[in-house]
Amino acid sequence: MTQGTSLYVAITGHVDHGKSTLIGRLFYDTDSLPEEKLEEIRKISLETGEEMQFAFIMDHLEEERGRGITIDTAHTFFSTEKRQYVIIDTPGHKEFLKNMFTGSSHAEAAILIIDALEGVMDQTRRHCHILGLIGIKQLIVVVNKMDLIGYDKEKFDKIVIEITDLLESLSIRQNYNIPISAKEGVNVATKSEEPRWYNGPDVLQALDSFNELEVEEKDLRFPIQDVYELDGKPLAVGRVESGGMKKGQEVSILPSGKRSKILSIEKYPDRNIDFAEIEECVGINLDKSVSRGDLLTPPEESRTLTPGIVKTIRTNIFWIDSNPYNLGEEIIFRSTTQETVGKITKIYKAYDPADAEEVWENAEVIGDSQVAESLIELDKPIVTDSFNEIPEMGRFVLEREGYPVAGGIIL
Amino acid sequence: MDYLSKLENKSIYIIREAYYRFKNIALLWSIGKDSTTLLWLCRKAFFGEIPFPVIHIDTGYKFPEIYRFRDHYAKEWGLDLIIGRNEEKITEGMGPDREDKLLCCTELKTNALKKVIEKEGFKALLLGIRRDEHGIRAKERYFSPRDRDFKWNYKDQPAELWDQYNAMAQEDTHFRIHPILHMTEKDIWRYVKKEEIPSSELYFSKEGKRFRSIGCVPCCTPVDSEAQNIDEVIYELEHTHEAERAGRAQDKEDAYVMQKLRALGYM
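Residues numbered from 1 in each chain as written. Chains lettered and ligands numbered in written order. Predicted model: local features only at pLDDT ≥ 70, side-chain atom pairs only at ≥ 80, totals over all residues. Heavy atoms only, no water.

Caption draft 1: The arrangement of the interface of chain A and chain B in detail. On the chain B side, the residues contacting the 73 residues of chain A number 56 residues. When chain A packs against chain B, close to 5900 Å² is buried across both sides, 55% of that on carbon and sulfur atoms. A salt bridge links Arg21(B) to Glu339(A); its shortest N-O distance comes to 3.2 Å. At the junction of chain A and chain B, the tally comes to 19 residue pairs in polar contact (both at pLDDT 80 or more). Residue classes in the side of chain A that touches chain B are distributed as 27 nonpolar, 22 polar and 24 charged. (Contact = heavy atoms within 4.5 Å. Buried area = accessible area lost by both parts, 1.4 Å probe. Salt bridge = Lys/Arg side-chain N within 4 Å of Asp/Glu carboxyl O. Polar contact = N/O pair within 3.5 Å; in protein donor to acceptor, adjacent residues only side chain to side chain. Nonpolar A, V, L, I, M, F, W, Y, C, P; charged D, E, K, R; others polar.)

As structure tokens, this is what we get:
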């Protein structure tokens, strides 16, 4: 395997459409399972009197194996000649949607699995909405259990048309549609003879064709995470979320708009470095004081992208708590290291993505697993960018009583 | 940014986030490769000086090399070291051979840790566990709440979206924080090599055997190996099908023992 790259891939789809089985098959066919693990699965399969259960590779909780379902998201690792993969299994049940969202929010690519017999189902639709919300750019649609429909091309095409319509409505474009049988190993890690009408790549080839997400050169965004003391001077630490930072550079501290200068950039054990790049965690010395939640950007005259400094935001949120939200209720809004109290003051529309026909306009309530286009009013101004420009600056989490209850993006 | 730097920055961000949210925090150091890597990352995150205590849970059954390593680096790195021992049970002669292994782990590790947390009032612990170690660890979050009895409610974990970590502790909970969760065994060794992080000689082959995972002397067996340095260890890992914790007795007794141990608060 090549060292130096790794791709996070979420496996999503409706319950029982075969997510865990697909992953198990990928691991098995790429010879990625430790001998012990194989033994353990053989042993458990013997004890329970069932055939080899590939799903057991991912479903590790006793409750998961007993009920034959995935409860929580899990990350596992395997490698091809091209790179290392971090495979994120996600649960397909509605009651575990928050775990699916958790897993997917770390993905750079996704596989959406659809059962050839059942077609597009409720959780397929909900998962698609979450993939849209996280802005997934690399997607493989697989139609599983093709063996059970005799590799019928017409049925496959019908499912592909339906899912393509749904994805398009969410501004997602899938890169591949692959007919597979995870159980039989058809078109998973080896190109199979069946179905004869399919000439595209297998799942593994499709994955290998993806790239790690390219980081575009954009303006600096440096949210202050904390302030320490180093050599008797305050040192503001944080992570570069966008652009880069140079020693001696002039910056603007938002939301106040004060100007300042980066006197030094510090790391350990290398002190006083000249430059910090995107994703790098560093400490900086400034000639003005800052605190957590402040955000450094280039000064106004040298910006190419103007950030918003706003107290009212129009958003799209996905509610993942079993207790609904009632209009006007106080919540905590968190984006990068910014945090403030706020409330939703208008719900333009709310709906369950499983049934997008039924839409509540001007709703008073947002229920579990519902998507809502809504207006949030905040107590303090926050600094934002459009999600399409700088995703880190355009997404947020809502918390209630210390628990995350929704994730969203700024429209 | 190269692959190892990405992993490092992700961990440092989480460590700093944890320290921002919990001032009453400590690092759990087993002196193995993973928790020593975590300790190293903490030194980097805080510019050489870790601003909180480092706990070693001493069962009394550790390798002499491990005690020597601990004392040497605790001094060299200026650590505020707390040694947690369940003296009562150690005096009573608790051991893996006298009682069952699950009970021994619970008393000498989990309960020893409980005592330290109670005494010092820690609200959060940094732990060097990794997702690729064990199926049950693959389901961990970066920030994971535990109740007063250390129970891990693995069936209903709070959501953890993007880099927003849930850190609201109820009065009687503490948080487990896992900053190197995303690293694999190979990543760890590659990072150890790049950063020149010291590691115990037990990890390297002597007379055809080495330890891949280090715990207590009676419950830990070495694997056949000729790997005498880090490069050879990495090469070996790239070509093995053996599980990392294959030499750890507590993982073996039944298929769900690790789940049970973790639900009870095991590290």
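From this point, things continue past the structure.
Caption draft 2: Summary view of the confidence of the model for chain B. For chain B, per-residue confidence averages 90 on the pLDDT scale, and residues scoring 70 or more make up 93% of the total. For this predicted complex, the interface confidence comes out at an ipTM of 0.92, alongside a pTM of 0.93. (pLDDT = per-residue confidence, 0-100.)

Caption draft 3: Highlighting the sheet that holds strand β3 (residues 84-89) of chain A. Residue and element names in this part refer to chain A. Read across the sheet, six strands follow the order β2-β3-β1-β4-β5-β6 without closing on themselves; strand pairing throughout is mixed. Edge positions in the sheet fall to β2 (74-79) and β6 (176-179), since each has one partner strand and no second. Across the sheet, the axes of successive neighbouring strands diverge by a mean angle of 25°, strand direction being ignored. Two elements, strand β4 (residues 109-115) and strand β5 (residues 139-144), share six bridges in a ladder whose sense is parallel. Its bridge partner being in β5, Leu-112 is matched across the sheet by Val-141. Helix-sheet contacts for helix α6 (residues 153-169) involve β4, β5 and β6, and the interaxial angle to β5 is about 145°. (Pairing = 2+ DSSP bridges. Helix = DSSP H or I, 4+ residues; strand = E, 2+ residues; numbered from the N terminus. Axes fitted to C-alpha atoms, helices over the stretch in contact; angles between N-to-C directions.)

Caption draft 4: Helix α4 (residues 97-104) of chain A, seen in detail. Residues and elements named next belong to chain A. Counted residue by residue, α4 has eight buried out of eight residues, so it is predominantly covered. Those residues of α4 that fall on the buried side of the exposure criterion are Leu-97, Lys-98, Asn-99, Met-100, Phe-101, Thr-102, Gly-103 and Ser-104. Elements that come into contact with the buried residues of α4 comprise β1 (6-13), β3, α5 (122-133), β15 (308-319) and β23 (403-410). (Buried < 20%, exposed > 50% of the residue type's maximum accessible area, 1.4 Å probe, protein only.)

Caption draft 5: Inspection of the pattern of salt bridges at higher detail. The tally for this structure, following the rule as stated, stands at 43 salt bridges over all chains. A salt bridge links Glu17(B) to Arg292(A), with the nearest nitrogen and oxygen atoms 2.7 Å apart. Placement of the pair is Glu17(B) in helix α1 (residues 3-21) and Arg292(A) in the loop between β13 (281-286) and β14 (295-297), with the two residues belonging to separate chains. By relative accessible area, Glu17(B) is classed as buried at 1%. Its salt-bridge partner being Glu185(B), residue Arg212(B) comes within 2.7 Å of it at the nearest N-O pair. A residue pair is termed long-range when its members are at least 10 positions apart, and Arg212(B) in the loop between β7 (209-210) and β8 (223-224) and Glu185(B) in helix α6 (residues 185-195) qualify at 27 residues. Neither residue differs from the other here; Arg212(B) and Glu185(B) are each classed as buried. Through salt bridges with shared partners, a single ionic network connects Arg334(A), Glu339(A), Glu399(A) and Arg21(B).

Caption draft 6: Broad picture of helix α7 (residues 230-238) of chain B. Residues and elements named next belong to chain B. Listing the buried residues of α7 in full gives Ile-230, Val-233, Ile-234, Glu-236 and Leu-237. All buried residues of α7 lie within an arc of 160° about the axis, which places them on one face of the element. Its buried side turned inward, α7 meets α6 and β7. Looking at where α7 begins, the residue whose side-chain oxygen comes 3.2 Å from the main-chain nitrogen of Asp-231 is Asn-229. (Arc of directions from axis to C-beta.)

Caption draft 7: Quick look at the packing of α1(B) against helix α2 (residues 33-45) of chain B. Residues and elements named next belong to chain B. At a minimum axis separation of 9 Å, α1 and α2 run at an interaxial angle of 70°. Comparing their axes, α2 and α1 come out roughly perpendicular. Facing α1, whose interface residues are Glu-8, Ser-11, Ile-12, Ile-15 and Arg-16, α2 presents Leu-38, Leu-41, Cys-42, Lys-44 and Ala-45. Each residue belonging to the contact of α1 with α2 can be placed in one class, and the counts come to six nonpolar, one polar and three charged. (Parallel < 35°, antiparallel > 145°, perpendicular 65-115°, else oblique.)

Caption draft 8: Broad picture of empty space enclosed by the protein. Tallied over the full model, the rule gives seven cavities of 30 Å³ or more. In this structure, the second largest cavity occupies an estimated 150 Å³ of space. Of the residues in the lining of the second largest cavity, the class split is nine nonpolar, three polar and three charged. (1 Å grid on protein atoms, 1.4 Å probe; cavity = no way out; pocket = protein on both sides within 12 Å on 5 of 7 lines; lining within 4 Å. Points joined across faces, edges and corners; volume = space filled by probe spheres on them.)

Caption draft 9: Layout of the packing of aromatic side chains. All chains considered together, the criterion is met by 22 aromatic pairs over all chains. Here Trp40(B) and Trp77(B) contribute two aromatic rings whose centre-to-centre distance is 6.0 Å and whose plane-to-plane angle is 70°, an arrangement assigned as edge-to-face. Of this pair, Trp40(B) sits in helix α2 while Trp77(B) sits in the loop between α3 (64-76) and β3 (81-84), and the two are 37 residues apart along the sequence. The exposure class assigned to Trp40(B) is buried, which follows from its relative accessible area of 13%. Judged by centre distance (5.6 Å) and plane angle (85°), the ring pair of Phe46(B) and Phe52(B) falls under edge-to-face. Assigned by exposure class, Phe46(B) and Phe52(B) land together as buried. Three or more aromatic residues link up through ring pairs in this structure, and these residues are Tyr228(A), Tyr19(B), Phe46(B) and Phe52(B). Positioned above the aromatic ring of Tyr20(B), the side-chain terminus of Arg292(A) is 3.9 Å from the ring centre. The aromatic ring of Tyr348(A) is capped on one face by Arg314(A), whose charged end is 3.7 Å from the ring centroid. (Phe/Tyr/Trp six-rings, centres within 6.5 Å; stacked < 30°, edge-to-face > 60°. Lys NZ or Arg CZ within 6 Å of the ring centre and 35° of its normal.)

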